[in-house]
Amino acid sequence: GPMQKPFTKDDLHLADAMAAHVSAGIESAQLIRKQRELFYATINMLAQSVEMRDTYTGGHTARVTEYSVLLGQQLDVSPEDLHIIKIGTPLHDIGKIGIDDDILRKTSKLTPEEFEVMKTHTTKGAKILEQVGDLVQVIPIVRSHHERWDGDGYPDGLAGEDIPRLARIVAVAD
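The sections below set out a description of the structure shown in this document.

Turning next to unusual backbone geometry. Peptide bonds are trans in most cases, and residues, glycine excluded, mostly fall at negative phi. Geometrically, the link from Tyr154 to Pro155 is a cis peptide bond, its omega value of 10° lying close to zero. Its place among the elements puts Pro155 in the loop between helix H7 (139-144) and helix H8 (165-173). Here Asp76, not a glycine, exhibits a phi torsion of approximately 55°, which is positive. Looking at the element boundaries, Asp76 is found in the loop between helix H2 (60-74) and helix H3 (79-88). Among the residues examined, Asp76 registers a relative accessible area of 68% and is labelled exposed.

What follows concerns the pattern of salt bridges. Within this structure, the stated rule accounts for seven salt bridges. Across the pair Glu114 and Lys106 runs a salt bridge whose closest N-O atoms are separated by 2.6 Å. With a shortest N-O distance of 3.0 Å, Lys119 and Glu116 are connected by a salt bridge. Of this pair, Lys119 and Glu116 both sit in helix H5 (residues 112-119), three residues apart, which is roughly one turn of the helix. Sharing partners across several salt bridges, the network here consists of Arg53, Asp101 and Arg105.

Counted by the stated rule, this structure contains one aromatic pair. Geometrically, the ring pair formed by Phe115 and Tyr154 is edge-to-face, given 5.9 Å between the ring centres and 85° between the ring planes. Of the two residues, Phe115 is situated in helix H5 and Tyr154 in the loop between H7 and H8; the sequence distance between them amounts to 39 residues. Judged by relative accessible area, which is 36%, Phe115 ranks as partly exposed. Classification of Tyr154 as buried rests on a relative accessible area of 13%.

Each value, and the rule that gives it
- Residues numbered from 1 in each chain as written.
- Predicted model: local features only at pLDDT ≥ 70, side-chain atom pairs only at ≥ 80, totals over all residues.
- Heavy atoms only, no water.
- Helix = DSSP H or I, 4+ residues; strand = E, 2+ residues; numbered from the N terminus.
- Buried < 20%, exposed > 50% of the residue type's maximum accessible area, 1.4 Å probe, protein only.
- Salt bridge = Lys/Arg side-chain N within 4 Å of Asp/Glu carboxyl O.
- Phe/Tyr/Trp six-rings, centres within 6.5 Å; stacked < 30°, edge-to-face > 60°.

Here it is, written out as structure tokens:
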């Protein structure tokens, strides 16, 4: 057959440019993955700092997160929703940072007044997260993980399908 034309200098420059482009893409993907892992680790660190004040919860947050991710996978939630579960669930009790120790660490039953204060950890948590634009998507988990299917939950008394889906997943795990 006809002989293949030899590569020109232009061909080599093009190949070189393409290789550099692909390599930059791979490095960029690795960087994004590293950043995401750092993000998860930071959120978990934040969650653990709350847990240290709340004596009953050794490892509670990690377990709830693990169960929520498993449930989410079983329910075929989107990769985006799974990401929201992974960042939102560790933060579900972040509002407890604003609850006084005498209520948070009380070993006997809370009085009705104390329980009303304890319930505010959901709205306090939502308020904390409102300050970070990229975290607004996890607010429904933080605000609504104590809502109940029958409408008897808090803070908004939502029922059934009105409760955000990811909050329902976390509520079951919790």
